[in-house]
Amino acid sequence: YTPVSMGRGLIPDTYAAYKSQRYRWVYGAMQILKRHASAIFLGRKADGTRSLNREQRYQFLGGWMPWFADGLALVFAVLALAWSGLMIIAPRHFDVPLTALSAMALVIFTVKTVKTISLHRAKVGTGFGGALASAVTGLSLSYTVGKGVIAGLFTSSKPFLRTPKCESSAPWTQIFRVARAEAALLIGTIAAIFGRMWATQFDDPADVVWVAALSVMAVPYAA
């Protein structure tokens, strides 16, 4: 909100630390949302006195909207994989979802990526390459953010996790351990894509849009 830097800090040095930090941010935000719901949604404290004004409430919710989108995307991805499996196993009973539903995933992905690249170029000034790298980095945290949203909304007992700083470079083998959930979802999504391609002749536009939606869903996990 201001071009003046108010402080200095250290960024995480490893992908594991990066994921841990973002999960803590998201999980904590969901605790704020639950504990101060009346102030955020109604502008009043629990005792009825006035709290946040309309602009302040907008800034809270507006800042969290991309995280909510990742939470919904994770739910959609799991349901999409389950539905794809049912279509392959029992094609007579389970048909391809409505085109509008599949197109929603395409629209959300496109808007998020274009927004990230355009805003990064305008405000950070690292050029298209830096903006693209920022978009890929952000996509790589989609699962972590989605998991944090869902866990934060339904639980409150997670401990505070300090982000490790000044760590040595992590070996490549650690990446596969840290990103095993994303790897599993990526493999499942690729299997669903090829399974649907094998089961259909693409004579229905809905099939094309569904495979395109699955392909887009695979991008954050590949990132």
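Thresholds applied
- Residues numbered from 1 in each chain as written.
- Predicted model: local features only at pLDDT ≥ 70, side-chain atom pairs only at ≥ 80, totals over all residues.
- Heavy atoms only, no water.
- Helix = DSSP H or I, 4+ residues; strand = E, 2+ residues; numbered from the N terminus.
- Buried < 20%, exposed > 50% of the residue type's maximum accessible area, 1.4 Å probe, protein only.
- Contact = heavy atoms within 4.5 Å.
- Areas by Shrake-Rupley, 256 points an atom, 1.4 Å probe, with all protein chains shown as cover.
- Lys, Arg positive; Asp, Glu negative; His and termini not counted.
- Charge placed at Lys NZ, Arg CZ, Asp CG, Glu CD.
- Salt bridge = Lys/Arg side-chain N within 4 Å of Asp/Glu carboxyl O.
- Expected span 1.5 Å × (residues − 1).
- Polar contact = N/O pair within 3.5 Å; in protein donor to acceptor, adjacent residues only side chain to side chain.
- Axes fitted to C-alpha atoms, helices over the stretch in contact; angles between N-to-C directions.
- Parallel < 35°, antiparallel > 145°, perpendicular 65-115°, else oblique.
- Left-handed = near helix turned anticlockwise from the far one by under 90°.
- Nonpolar A, V, L, I, M, F, W, Y, C, P; charged D, E, K, R; others polar.

Enquirer: Which residues make up the overall build of the protein, and what are the values?
Expert: What the protein contains, in helices and strands, is nine helices and zero strands. The linear arrangement of helices and strands in the protein, starting from the amino end, is α-α-α-α-α-α-α-α-α. Considering the protein as a whole, with its 223 residues, one finds that 34% of them fall into the buried category. Of the contacts formed within the protein by residues at least 6 apart in sequence, a portion of 74% connects residues at least 24 apart. Total accessible area computed for the protein in this model is approximately 14,100 Å², and 67% of it derives from carbon and sulfur atoms. With 23 positive and 10 negative side-chain charges, the protein shows a separation of 12 Å between the mean positions of the two kinds.

Enquirer: Now, about the environment of F109: what can you tell me, with residues and values included?
Expert: Considering the arrangement of structural elements, one finds F109 in helix 4 (residues 99-123). As a C-alpha pair, F109 and L139 span 30 residues in sequence and 9.5 Å in three-dimensional space. Apart from residues no more than four positions distant in its own chain, F109 is found in contact with L139, V216 and V219.

Enquirer: Give me the lowdown on the pattern of salt bridges, citing residues and values where you can.
Expert: Side chains that carry opposite charge are capable of pairing whenever their charged atoms lie near each other. Inspection of every chain in the model, using the stated rule, returns three salt bridges. A salt bridge links K19 to E182; the shortest N-O distance between them is 2.7 Å. Here E182 lies in helix 8 (residues 180-199) and K19 lies in helix 1 (residues 15-35), a separation of 163 residues in the sequence. Comparing K19 with E182 shows no difference in burial state: the two are buried. Among the ionic pairs, D70 bridges to K112, the shortest N-O distance being 2.7 Å. With a gap of 42 residues between them, D70 in helix 3 (residues 54-89) and K112 in helix 4 connect regions that are remote in the sequence.

Enquirer: Outline the side chain of R196, listing residues and values.
Expert: Structurally, the position occupied by R196 is in helix 8. The residues touching R196, leaving out its near neighbours within four places in the chain, are M87, I88, V96, D207, W210 and V211.

Enquirer: Talk me through helix 6 (residues 142-154); I want residue IDs and the actual numbers.
Expert: For helix 6, which comprises 13 residues, the first-to-last C-alpha distance of 19 Å matches the rise-based estimate of 18 Å (1.5 Å per residue) to within 8%. Contacts from the buried residues of helix 6 go to helix 1, helix 3, helix 4, helix 5 (127-140), helix 8 and helix 9 (205-222).

Enquirer: I'd like a description of the side chain of S84, backed by residues and values.
Expert: Positionally, S84 belongs in helix 3. A distance of 2.8 Å separates a polar atom in the side chain of S84 from the backbone oxygen of A80. In this structure S84 touches A192, W210 and L214, once residues within four positions along its chain are discounted.

Enquirer: For the packing of helix 1 against helix 3, give the residues involved together with the corresponding values.
Expert: Put simply, helix 1 and helix 3 touch, their axes get as near as 11 Å, and they point 125° apart. Viewed along their axes, helix 1 and helix 3 adopt a mutual orientation that is oblique. Between helix 1 and helix 3 lies a crossing of left-handed hand. Contacts between helix 1 and helix 3 involve R22, W25, V26, A29, M30, I32 and L33 from the first element and L61, W64, W67 and F68 from the second. Classifying every residue of the contact of helix 1 with helix 3 gives 10 nonpolar, no polar and one charged.

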